Amino acid sequence: MYSFFKRIFDIFFSLAVLLILFFPLIFIGLLIKTSSKGSIFYKWKVVGKDGLYFTGLKFRTMVTNADNLKESLKSSNEMEGPFFKMNNDPRVTSLGRILRKYSLDELPQFLSVLTGSMSVVGPRPPLQTEYINFSDFQKTKLQVKPGITCLWQVEGRNQISNPDDWVKKDLQYIKNRSFLLDIMIIYKTILTIFKGSGK
């Protein structure tokens with residue numbers, strides 16, 4: 001029953017966000033196109049439920065050759081394991097920093113929610129390049145649909161550096177997931193966005 005109503009909620013919530021923010025989304029796209037070279041969207045190659053690969057969309061926040069530059073920045077990685085993260089990533093554009101700060105780059109992911117690849121709330125999907133190096137324990141987070149926001153984002157967000165701690169938070173959500181918990185995470189996510197706590 002929970003899964004059925006969660007899917008209904010995902011569809012209506014995503015449609016509402018995309019319709020209400022339609023003109024701001026167009027404006028953001030124009031800003032990206034005119035402020036730096038490259039496409040408006042970044043094709044986000046990630047892994048969903050049960051290890052299924054899919055491609056989502058984000059607003060592009062980095063230079064066009066960002067993926068090629070990652071190798072040269074590995075010594076500055078602030079994460080452990082297969083994940084990569086830099087708080088002051090030089091690949092991020094000036095506009096991209098603003099979009100990330102307020103999580104505006106994530107908005108196109110609501111299209112993936114509409115198609116059923118993602119949910120509004122759920123464990124964040126790993127990149128396909130990260131997934132190939134996952135441990136069996138880390139793969140356990142893929143037993144449910146990935147989400148745009150999740151428990152560790154509202155409770156740990158920028159403080160967690162150990163990927164296993166991420167997975168523990170994801171498993172805590174999976175074990176206790178409910179419609180009430182989803183609403184609480186969405187509420188906390190909105191507060192986090194207005195505070196500009198993104199990276």
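Below: a short report on this structure. (Residues numbered from 1 in each chain as written. Predicted model: local features only at pLDDT ≥ 70, side-chain atom pairs only at ≥ 80, totals over all residues. Heavy atoms only, no water.)

**As for the nonpolar core**
- In terms of nonpolar packing, the biggest core is built from 27 residues, with Phe-110, Tyr-173 and Ile-185 touching the most fellow members.
- For Phe-110, the contacting residues outside a window of four places in its chain are Phe-13, Ser-14, Val-17, Leu-18, Val-120 and Ile-148.
- In terms of nonpolar packing, the next biggest core, distinct from the first, is built from eight residues, Val-47, Tyr-131, Phe-134 and Cys-150 among them. (Core = buried A, V, L, I, M, F, W, Y, C linked by side-chain atoms within 4.5 Å. Buried < 20%, exposed > 50% of the residue type's maximum accessible area, 1.4 Å probe, protein only. Contact = heavy atoms within 4.5 Å.)

**Thoughts on the pattern of salt bridges**
- By the definition in use, this model includes six salt bridges.
- Where Glu-106 meets Lys-58, a salt bridge forms, and the shortest distance between an N and an O atom there is 3.8 Å. Linking Glu-106 in the loop between helix 4 (94-101) and helix 5 (110-115) with Lys-58 in strand 2 (residues 53-59), this pair joins segments that are 48 residues apart in sequence.
- Asp-89 is the partner of Arg-91 in a salt bridge, and the nearest nitrogen-oxygen pair spans 2.7 Å. The same class applies to Arg-91 and to Asp-89, which are both buried.
- Connected through shared salt-bridge partners, Lys-58, Glu-106 and Arg-124 make up one network. (Salt bridge = Lys/Arg side-chain N within 4 Å of Asp/Glu carboxyl O. Helix = DSSP H or I, 4+ residues; strand = E, 2+ residues; numbered from the N terminus.)

**Considering helix 10 (residues 179-195)**
- The end-to-end C-alpha distance of helix 10, which contains 17 residues, comes to 25 Å, matching closely the 24 Å that a straight helix rising 1.5 Å per residue would cover.
- Taken together, the buried positions of helix 10 are Leu-181, Asp-182, Ile-185, Ile-186, Thr-189 and Thr-192. Buried residues in helix 10, looked at end-on, bunch into an arc of 135°, giving them a common side. Projecting away from the buried face of helix 10 at angles above 90 degrees are the exposed residues Leu-180, Tyr-187, Phe-194 and Lys-195. (Expected span 1.5 Å × (residues − 1). Arc of directions from axis to C-beta.)

**Topic: unusual backbone geometry**
- The phi dihedral of Asp-50 falls on the positive side, at around 60°, and the residue is not glycine.
- As for its position among the elements, Asp-50 is in the loop between strand 1 (41-47) and strand 2.
- Here Asp-50 falls in the exposed class, since its relative accessible area comes to 56%.
- In this structure, Ser-103 takes a positive phi of about 55° despite not being glycine.
- By secondary structure assignment, the location of Ser-103 is in the loop between helix 4 and helix 5.
- On the basis of relative accessible area, Ser-103 is assigned to the buried category, the value being 13%.

**Points about helix 9 (residues 163-176)**
- Under the 1.5 Å per step criterion, the end-to-end length of helix 9 is 20 Å for 14 residues, consistent within 8% with the ideal 20 Å.
- Listed in full, the buried residues belonging to helix 9 are Pro-163, Trp-166, Val-167, Asp-170, Tyr-173 and Ile-174. All buried residues of helix 9 lie within an arc of 115° about the axis, which places them on one face of the element. Residues Lys-168 and Lys-175 are exposed on helix 9 and point more than 90 degrees away from its buried face.

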